[in-house]
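Understanding the architecture of this molecule
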Amino acid sequence: MRALVRALVHIEAHFREPLTLGVIADVACVSKFHFARLFRAEIGMSPMQYVRWRRVMEAKRLLRAGQQPLVAIALGLGYFDHSHFSRSFHLATGIRPHQYMATRARSA
């Protein structure tokens, strides 16, 4: 369980940066294979799915705040570019970031 806690703390501190399974497993002090199994069993998704989920949750928060352009949000969350961010956000939520912003603006 300590390995999982170390990994989650590391992900929370670094999800805006490029992360790999190997880096997170090293922080957890276990092999990549063992870590991936442990993480999925406890969290219900793979470590990298969790990192993507965490980035999308932060993107939603930033989009709701409406103080940064989409490109700044994308780059600040470790995406290669705006289109990579938009595809990832769409896969996770079913809508594009600009649609999310428009929906939030209408409901406010």
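Residues numbered from 1 in each chain as written. Predicted model: local features only at pLDDT ≥ 70, side-chain atom pairs only at ≥ 80, totals over all residues. Heavy atoms only, no water.

**Focus: the nonpolar core**
Which entries qualify depends on this criterion: Side-chain atoms within 4.5 Å are what join buried Ala, Val, Leu, Ile, Met, Phe, Trp, Tyr and Cys residues into a set we call a nonpolar core. Burial here depends on accessible area, computed with a 1.4 Å probe over protein chains only, as a share of the maximum for the residue type. Under 20% is buried, over 50% is exposed, and the range in between is partly exposed. Only DSSP runs of H or I reaching four residues or more are called helices, and only runs of E reaching two or more are called strands; each is numbered from the N terminus. We call two residues in contact when some of their heavy atoms are within 4.5 Å.
In this structure, I11, I24, F35, I73, L77, F85 and F89 are the most contacted members of the largest nonpolar core, which totals 25 residues. When contributions to this core are tallied by element, the ones reaching two or more residues are α1 (2-14), α2 (21-28), α3 (32-43), α4 (47-65), α5 (70-76) and α6 (82-93). Considering each element in turn, this core owes the most residues, six residues, to α4. Other than its neighbours up to four places away in sequence, I73 contacts A59, L62, L63, Q68 and F85.

**Quick look at α4**
Stated formally: A helix is expected to reach a length of 1.5 Å times the quantity of its residues less one.
Counted at 1.5 Å a residue, the expected span for α4 with its 19 residues is 27 Å, and the 27 Å between its end C-alpha atoms agrees. Taken residue by residue, α4 has P47, Y50, V51, R54, R55, V56, E58, A59, L62 and L63 as its buried positions. Just beyond α4, the residue with positive phi is G66, at close to 65°.

**Here's the deal with the environment of L21**
Mapped onto the fold, L21 is located in helix α2. When its relative accessible area of 25% is taken as the criterion, L21 is described as partly exposed. Here the alpha-carbon distance between L21 and V71, two residues 50 residues apart in the chain, equals 26 Å. L21 has contacts with K32, F35, A36, P47 and M48, leaving out every residue within four places of it along the chain.

**Details of the packing of aromatic side chains**
To keep things clear, this is the line we draw: Aromatic pairing here means that ring centres of Phe, Tyr or Trp (its six-membered ring) are within 6.5 Å. Orientation follows from the plane angle: under 30 degrees is stacked, over 60 is edge-to-face, and everything else is tilted. Here, over-ring charges are defined by two tests on the NZ atom of lysine or the CZ atom of arginine: distance to the ring centre within 6 Å, and angle to the ring normal within 35 degrees.
The tally for this structure, following the rule as stated, stands at six aromatic pairs. With a centroid separation of 5.6 Å and 70° between ring planes, the pair formed by F39 and Y50 is classed as edge-to-face. Of this pair, F39 sits in helix α3 while Y50 sits in helix α4, and the two are 11 residues apart along the sequence. Taking the relative accessible area as the measure of exposure, Y50 reaches 15% and is therefore buried. Members of the aromatic cluster, connected to one another through ring pairs, are F35, F39, Y50 and W53. A cation over a ring is seen here: R55 above Y79, with NZ or CZ 5.9 Å from the ring centre.

**Things to note about the pattern of salt bridges**
Here is the rule we go by: Throughout this description, the term salt bridge denotes a Lys or Arg side-chain nitrogen within 4 Å of a carboxyl oxygen of Asp or Glu.
On inspection of all chains with the given rule, the structure shows four salt bridges. R16 is paired through a salt bridge with E58; the nearest N and O atoms lie 3.2 Å apart. Separated by 42 residues along the polypeptide, R16 in the loop between α1 and α2 and E58 in helix α4 bring together distant segments of the chain. Since its relative accessible area comes to 38%, R16 is described here as partly exposed. For E58, a relative accessible area of 6% gives the class buried. E58 is paired through a salt bridge with R61; the nearest N and O atoms lie 2.6 Å apart. Highlighted residues: E58 and R61, both in helix α4, separated by three residues, approximately one helical turn. Overall, the relative accessible area of 42% leaves R61 in the partly exposed class. Connected through salt bridges with shared partners, the residues E12, R16, R54, E58 and R61 form a single ionic network.

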